[in-house]
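Structural overview
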Amino acid sequence: MAQMKLVEALNSALREEMERDERVFVLGEDVGLYGGIFGVTQGLYKQFGPERVIDTPISEAAIAGAAVGAAVTGMRPVAEIMFIDFITIAMDQLVNQAAKMCYMFGGNVSVPMVIRVPAGTGRSAAAQHSQSLEAWLMHIPGLKVVCPSTPYDAKGLLKSAIRDDNPVVFIENKITYNLSGEVPDEDYTIPIGKADIKREGQDVTLLATGNMVHYSLKAADELQQEGISCEVIDPRTLRPIDYETIINSVVKTSRLAIVQEACRTAGPGCEFAATVQERAFDYLDAPIIQIAGMDVPIPFNPKLEKTVVPSVEQIVREVKALF
Amino acid sequence: MSKKENLNQWFYETMLKIRLFEEKIIDVYARGLMPGLAHLYIGEEAVATGACATLEPSDYITSTHRGHGHCIAKGGDLNKMMAELFGKKTGYCRGKGGSMHIADTSIGILGANGVVGGGIPIATGAALSSKLRKSNQVTICFFGDAASNQGSFHESINFASVHKLPVIYVVENNQFGISVHQSRHQNIQDIADRAVAYGIEGKVIDGNDVLAVKDAVGQAVAKARSGEGPSIIECKTYRWRGHHEGDPNQGARYRDPKEIDDWKKKCPIARFEKYLKSEHGYTDETFKATRAKIQQLIEDAVEFARSSPEPDLEVALQDVYYEGGRN
Ligand SMILES: Cc1ncc(C[n+]2csc(CCOP(=O)(O)OP(=O)(O)O)c2C)c(N)n1
C-alpha cells in the first residue's frame, strides 16, 4: 500500500495501462508537455513520447471524434476534455456516434474509449467551468458513466474503464484531486457498475458521489453524535447503477437521502429516487429526499458558490428532519 | 481623453489603463483578494486599443477569457470591472461572473467568454442582427490563435461570408494556446490565410503597433459598414505573463525565458511612447503625468472594489431568468 493523492492515483493508472497495453494512448489539450492542467498526465509525455501522449488543438469535437475513430479501429484512446463544461462541444461524437455504434451496427462494433472530464465547483471558476453534467451522460444508453471519490476507487475504476470495450465517461471531481488515500502497489481493478458502502449504518442511507461522499461522511460523524446512524453509499458508477447495493441498504435503513452537487431538476437524484421508490416503497419510513445543488448556474463569488451546493451543515439539518 | 478629441492621447491612456489595471491584478491576486482565474493581457494592449479605436459606442464586441483589455478599450467602467474581479455586489455581474464573464451591453460589450471559440458565433449573430435591423452597426470578434481551431470559427466565418455580415474577426495571435505553441496546434503560420477558404479578405499585421492595428481594423470596419462583408485581421503579439496568474513560473514550463524577454523589448506601450516623442513632441514629463493620472484611477478602482459589500446570498438565486434588467 502507498499513500497517494487522487491525481497521482489517476496518473499511475494511466501509466500502468500504457505500459501494459500498447493500444492505450492519451490525447487532449495540454496533456503532453504541460502534463494536464490539473496534473493528471504529468510525466507521461516524457515516458511515452508525443505519439502516445498527444497535445491536441483546442477542438473538442475532433478530440472526441478522433477517440471514436481510433477506438473502432483497434486502439484504446483515453481523451481528456479539460472541463466537463466543454463536453457540450463534443456531444455529437459522444452521444450520436460513440454511444450508438455497437447497437446500431448490430453488435458488431466495439468503441473502447475513455473520456476523462474534471467537474464540479469549489474553485470560483464560475458558470462555464464548474458544472456537474453527469445527468446528461447518464441519460444515454450505450455510454458508461464513472465517478470515483477516493484515490483507491479512482485508480481501480480508471483501469477498468480503459479495459472496457465501450465508451466510458470518467468524471473527476476537481476538489478531490488533492485528497490522499491508500492505494495498493499491485495491479487491481474495480468493476464498473459496483457501488461501495463507505460507512455502514442503520438509520438512514446517504447516497452521494464525488466530493459529496466526503461531505456525507463528515455529516454522518456529526449525526452519529446525535444518535443517528448513517450508511453512506457511493454508487461510483452512474451508468449502469448498482441498485442491488442501494436497495439492500434502504431495506435495512428505511430512509434515503441523495446528496449531489448537480442541480436538482432532472439531476441524478431523480433517477435514484424514482427507482428506489418503485423497488422499495414498502420499506420506506420517510419520503426520499434530494439534497442537491440549486437550480442556478454556478456563481463566481466564493460565498455564493458555496451557498448553491450542499454543505455538511445542510446535510446534517436535512437528514435530521427525516426523524 | 476621448477618441474624437485626441486620438493619440486616447491610445496612450487606453493602453496604459489596461497595463496598469492588470499590473494591479498581479498584486491583488497574489494577495488573495481576487478569487478564481486571472488571464492577463499584458503585452497585447495595442490590439484591443487599436481595434476599439475604430468603433462607435453602439458597435459591438465579443471578448474572451483574456478580456480585460477589450472591455477597457470599449469603454468599460474600471470600478465595476475591479469590483467584479473581487466578486463584489457593485461589480458588472453583481459578483456572479468574475474575470471571465464581464459584459456591458449598454456599450456593446457582449461578454467575455470562458469557452474558447464561444464568442465567435455570437459575434456573427450580432452582425446578422445589425444587418436585419439595418442599424449600420459592426461587430469586432476577438479571439486567440488556438481558438481558430474550433469548429465554431470555421462555421461562423463561412456563415458570415455567405451572408456578407458586418463583422471583423480579430485574431490575437500570441502564439500559444496555454502551453501549446502555434507550430504544434496548426500547420500554418498565418491564420489570416484561412480567409481564402471562406472567400473573404485576411490580413496579417504587427499586433504590437497600435497604429497598424487601427489602420487595418479601420479599413475592415469601413468595408463591413458598407455591406461588403467580414474580414479576418490577424495581430501578431505575445503574452508576457503565464496563461493565467496561477500558471507556474509564468509559463516557464513551455516557454524560453529569452523569448519572453525578447518580446518585452517590443512592448507596445514603450514603442508608442517613442512615436509620440518623435512625431508629436511628447516628453517624459507628459508620460509621467498621464501615468500618474491613470494609476490614480486604478487605485480608486481597487478602493471601490475593496470597500464594496459582498453580494447578499439571495443574489445567487436571482437572474436565472430575465426580470426586466437591473441598471
Ligand atoms: C472550449 C474550451 N476548451 C478549452 C478551454 C480551456 N482553455 C482556456 S484558454 C485556453 C487557450 C486559449 O488559447 P487562445 O485561444 O490562443 O487564447 P489565449 O489564451 O492565447 O489568449 C484553453 C485551452 C476552454 N476555456 N474552452
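Note that this is a predicted model, so its numbers are computed, not measured.

1. Topic: the sheet that holds strand S11 (residues 230–234) of chain A
All names here are of chain A.
- If you walk across this open sheet you meet the five strands as S9-S11-S10-S13-S14, and the pairing is mixed. Because the sheet does not close on itself, it has two edges, and the strands there are strand S9 (196–199) and strand S14 (289–293). Within the sheet, the average angular offset between the axes of one strand and its neighbour, ignoring direction, is 25°.
- The sheet contact formed by strand S10 (residues 204–208) and strand S13 (residues 256–263) spans four bridges and is parallel. Within S13, the position partnered with Thr205 by the bridge is Leu256.
- The strands touched by helix H11 (residues 312–320) are S10, S13 and S14; relative to S14, the strand with the most contacts, the crossing angle is about 160°.

2. Considering helix H10 (residues 268–280) of chain B
All names here are of chain B.
- Helix length check: H10 (13 residues) gives 17 Å between terminal C-alpha atoms against 18 Å at 1.5 Å per residue, within 8%.
- Those residues of H10 that sit buried are Pro268, Ile269, Phe272, Glu273 and Leu276. Taken end-on, H10 shows its buried residues confined to a sector of 135°, consistent with a single buried face. When the buried face of H10 is taken as reference, the exposed residues oriented beyond 90 degrees from it are Lys274 and Ser278.
- Immediately downstream of H10, the backbone of Gly281 shows phi near 70°, a positive value.

3. Points about the sheet that holds strand S6 (residues 201–206) of chain B
Residues and elements named next belong to chain B.
- Sheet architecture is open: five strands sit in the order S1-S2-S3-S7-S6, paired in parallel fashion. If you trace the sheet from one side to the other, it starts and ends with strand S1 (60–62) and S6, each paired once. Averaged over all adjacent pairs, the angle separating strand axes in this sheet is 20°, with direction ignored.
- Both S1 and strand S2 (residues 139–144) contribute to a ladder of three bridges, which runs parallel. Paired with Thr62 across the two strands is Cys141, which belongs to S2.
- Contacting S2, strand S3 (167–173) and strand S7 (231–236), helix H6 (residues 151–162) runs over the sheet at an angle of about 150° to S3.
- Where helix H8 (residues 210–225) meets the sheet, it contacts S2, S3, S6 and S7, and its direction lies at approximately 160° from that of S6.

4. Points about the site of the ligand
- Not every one of the 22 residues close to the ligand is listed here, only the nearest: Glu60(A), His65(B), Arg66(B), Gly114(B) and Phe176(B).
- Within the side chain of Glu60(A), a nitrogen or oxygen atom sits 2.5 Å from a nitrogen atom of the ligand.
- A distance of 2.8 Å is found between an oxygen atom of the ligand and a backbone nitrogen or oxygen belonging to Phe176(B).
- Burial of the ligand by the protein chains amounts to 97% of its free accessible area of 580 Å².
- Considered class by class, the residues forming the shell around the ligand number ten nonpolar, eight polar and four charged.

5. Things to note about unusual backbone geometry
- Cis peptide bonds are those with omega within 30 degrees of zero, and the linkage from Arg239(A) to Pro240(A) qualifies with -5°.
- Within the secondary structure layout, Pro240(A) lies in the loop between strand S12 (237–239) and helix H8 (243–253).
- Of note, Ser124(A) is a non-glycine position whose phi angle comes to about 55°, a positive value.
- Relative to the helices and strands, Ser124(A) resides in the loop between strand S5 (114–119) and helix H5 (134–138).
- A relative accessible area of 5% means that Ser124(A) is categorised as buried.
- Unlike most non-glycine residues, Arg94(B) shows phi in positive territory, near 60°.

6. Side note on the interface of chain B and chain A
- Chain B puts 38 residues into the contact, and the matching count from chain A is 34 residues.
- Taken over both partners, the interface formed by chain B and chain A buries close to 2,800 Å², and the fraction arising from carbon and sulfur atoms is 63%.
- Between Lys303(A) and Glu310(B) there is a salt bridge, and its shortest N-O distance comes to 3.5 Å.
- Counting the contacts that link chain B with chain A gives twelve residue pairs in polar contact (both at pLDDT 80 or more).
- Those elements giving two or more residues to the side of chain B that touches chain A turn out to be helix H4 (78–85) and helix H7 (182–185) of chain B.
- Of the residues contributing to the side of chain B that touches chain A, the split by class is 18 nonpolar, 13 polar and seven charged.

7. Quick word on the domain arrangement of chain A
Residues and elements named next belong to chain A.
- In terms of domain boundaries, chain A breaks down into domain 1 (2–183) and domain 2 (196–320).
- Each of domain 1 and domain 2 has a C-alpha centre, and the two are 26 Å apart.
- At the junction of the two partners, domain 1 supplies 32 residues and domain 2 supplies 28 residues.
- Taken over both partners, the interface formed by domain 1 and domain 2 buries close to 2,200 Å², and the fraction arising from carbon and sulfur atoms is 56%.

8. Observations regarding the pattern of salt bridges
- As enumerated under the stated definition, the model contains 42 salt bridges over all chains in all.
- Shared partners join several salt bridges into a network, and the residues in it are Glu16(A), Glu17(A), Arg20(A), Lys155(A), Lys159(A), Arg163(A) and Asp187(A).

9. A few points about the packing of aromatic side chains
- Going through the model one piece at a time under the given rule, you end up with 15 aromatic pairs over all chains.
- Summarising the aromatic geometry, the rings of Tyr238(B) and Trp263(B) are spaced 5.3 Å apart at their centres and angled 10° between planes, so their arrangement reads as stacked. Highlighted residues: Tyr238(B) in the loop between S7 and helix H9 (257–264) and Trp263(B) in helix H9, separated in sequence by 25 residues. Like Trp263(B), Tyr238(B) is buried.
- Between the aromatic rings of Phe272(B) and Tyr275(B), the centroid separation amounts to 5.5 Å while the plane-to-plane angle is 25°, which identifies the pairing as stacked. Here Phe272(B) pairs with Tyr275(B), and both are found in helix H10, just three residues apart, close to one helical turn.
- On the basis of relative accessible area, Phe272(B) is assigned to the buried category, the value being 3%.
- What makes Tyr275(B) partly exposed here is its relative accessible area of 27%.
- Taken together, the aromatic side chains of Tyr34(A), Phe176(B), Tyr238(B), Tyr254(B) and Trp263(B) make up a single cluster linked through ring pairs.
- Positioned above the aromatic ring of Trp10(B) is the side chain of Lys3(B), whose terminal nitrogen or guanidinium carbon lies 5.2 Å from the ring centre.

Rules behind the numbers
- Residues numbered from 1 in each chain as written.
- Chains lettered and ligands numbered in written order.
- Predicted model: local features only at pLDDT ≥ 70, side-chain atom pairs only at ≥ 80, totals over all residues.
- Heavy atoms only, no water.
- Pairing = 2+ DSSP bridges.
- Helix = DSSP H or I, 4+ residues; strand = E, 2+ residues; numbered from the N terminus.
- Axes fitted to C-alpha atoms, helices over the stretch in contact; angles between N-to-C directions.
- Contact = heavy atoms within 4.5 Å.
- Expected span 1.5 Å × (residues − 1).
- Buried < 20%, exposed > 50% of the residue type's maximum accessible area, 1.4 Å probe, protein only.
- Arc of directions from axis to C-beta.
- Near = heavy atom within 4 Å.
- Polar contact = N/O pair within 3.5 Å; in protein donor to acceptor, adjacent residues only side chain to side chain.
- Areas by Shrake-Rupley, 256 points an atom, 1.4 Å probe, with all protein chains shown as cover.
- Nonpolar A, V, L, I, M, F, W, Y, C, P; charged D, E, K, R; others polar.
- Buried area = accessible area lost by both parts, 1.4 Å probe.
- Salt bridge = Lys/Arg side-chain N within 4 Å of Asp/Glu carboxyl O.
- Domains from an automatic or database assignment.
- Phe/Tyr/Trp six-rings, centres within 6.5 Å; stacked < 30°, edge-to-face > 60°.
- Lys NZ or Arg CZ within 6 Å of the ring centre and 35° of its normal.

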